[in-house]
Amino acid sequence: KLFFLMTLEILKKNEKSSNGLGFLSPQSWIYHDDVVKKVLEGDYFGIMPIAAEFVSTMNCTNRCGFCGYEKQKRMEDCWEKNDFSSPIIQMKNKNFAISLLEKLIDGKVKGIILTGGGEPLLFPYAEDIVEHCTLRGVDSVVYTNGNSVSEERVKRIVRASPLLFRVSLNAGTEKVYSEMHHPSNTKNAFERVKRTIRTLALEAKNTETNVGVSVLI
């Protein structure tokens, strides 16, 4: 037990100087004495999640060759084309999304990750989710492919103060981008992603929001 507690202290010190993602960090549980107590007691089933992924849509503007959801999307018949009419594929309204979010928060979840499924910003109320998280004192992270969001929405999301706003790039040229992501709207898709990154970097300057650009190797 002493060795375990010493290791936790080392992790805490390292975490403070690493990514700064708080409740959404892989080691976030070490900051919660009640969780550490349950681990030491072996009460693993008594531990509630600290962070949760919030999937508001399975629709997407890309058809990436490495998509981990392709099989599920084919089963739901939304791989070949998007389906905005099915409540299974896409949440229908903001009130429903907020009610689910409130249940997670009531369950002591401290971090929300807006991710796929699909492209999170195809849900028209994604910024409202981030705003509600901030209002309730919950950390939030937004992942986006960056080719289907307006500059105004990027600015509004940054103003809502997510902990991290990350754009999936995975390419250095338009040719590679198209081969990796197979965007449904191929015209200027790579340029739209770069525009999103530029807008995000400028808007997030001097804020608490971390900016990320992911590259798959």
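Fair warning: this is a prediction, and the values are worked out from it, not measured in the lab.

1. Regarding the packing of aromatic side chains
- For the structure shown, the criterion picks out 2 aromatic pairs.
- Judged by centre distance (5.6 Å) and plane angle (45°), the ring pair of Tyr177 and Phe190 falls under tilted. Placement of Tyr177 in helix α7 (residues 174-181) and of Phe190 in helix α8 (residues 189-204) is noted, with a sequence separation of 13 residues between them. We note that Tyr177, like Phe190, is buried.
- One residue, Arg63, lies across the ring of Trp79, its end atom 5.6 Å from the ring centre.
- The ring centre of Tyr143 lies 3.9 Å from the NZ or CZ of Arg166, which sits over that ring.

2. So, the state of the cysteines
- Summed over all chains, the structure comprises 0 disulfides.
- Cys60 takes part in no disulfide bond, and the closest cysteine sulfur, belonging to Cys64, lies 6.1 Å away.
- Residue Cys60 is classed as buried on the basis of its relative accessible area, which comes to 10%.

3. Topic: the sheet that holds strand β4 (residues 164-168)
- An order of β1-β2-β3-β4-β5 is seen for the 5 strands of this open sheet, with the pairing classed as parallel. Two strands bound the open sheet, and with one partner strand each, they are β1 (51-54) and β5 (210-214). The mean inter-strand angle of the sheet, taken between neighbouring strand axes irrespective of direction, is 15°.
- Bridge count between β4 and β5: 5 bridges; the pairing is parallel.

4. Focus on the environment of Asn147
- Structurally, the position occupied by Asn147 is in the loop between β3 (139-144) and α6 (151-159).
- As a C-alpha pair, Asn147 and Phe190 span 43 residues in sequence and 7.2 Å in three-dimensional space.
- Look past the residues within four positions of Asn147 in its chain and what remains in contact with it is Thr61, Asn62, Tyr177, Pro183, Ala189, Arg192 and Val193.
- A distance of 2.9 Å separates the side chain of Asn147 from the side chain of Asn62, its partner in a polar contact.

The rules behind the values
- Residues numbered from 1 in each chain as written.
- Predicted model: local features only at pLDDT ≥ 70, side-chain atom pairs only at ≥ 80, totals over all residues.
- Heavy atoms only, no water.
- Phe/Tyr/Trp six-rings, centres within 6.5 Å; stacked < 30°, edge-to-face > 60°.
- Helix = DSSP H or I, 4+ residues; strand = E, 2+ residues; numbered from the N terminus.
- Buried < 20%, exposed > 50% of the residue type's maximum accessible area, 1.4 Å probe, protein only.
- Lys NZ or Arg CZ within 6 Å of the ring centre and 35° of its normal.
- Disulfide = S-S within 2.5 Å.
- Pairing = 2+ DSSP bridges.
- Axes fitted to C-alpha atoms, helices over the stretch in contact; angles between N-to-C directions.
- Contact = heavy atoms within 4.5 Å.
- Polar contact = N/O pair within 3.5 Å; in protein donor to acceptor, adjacent residues only side chain to side chain.

Note that all results are geometric; they support no functional claim without further evidence.
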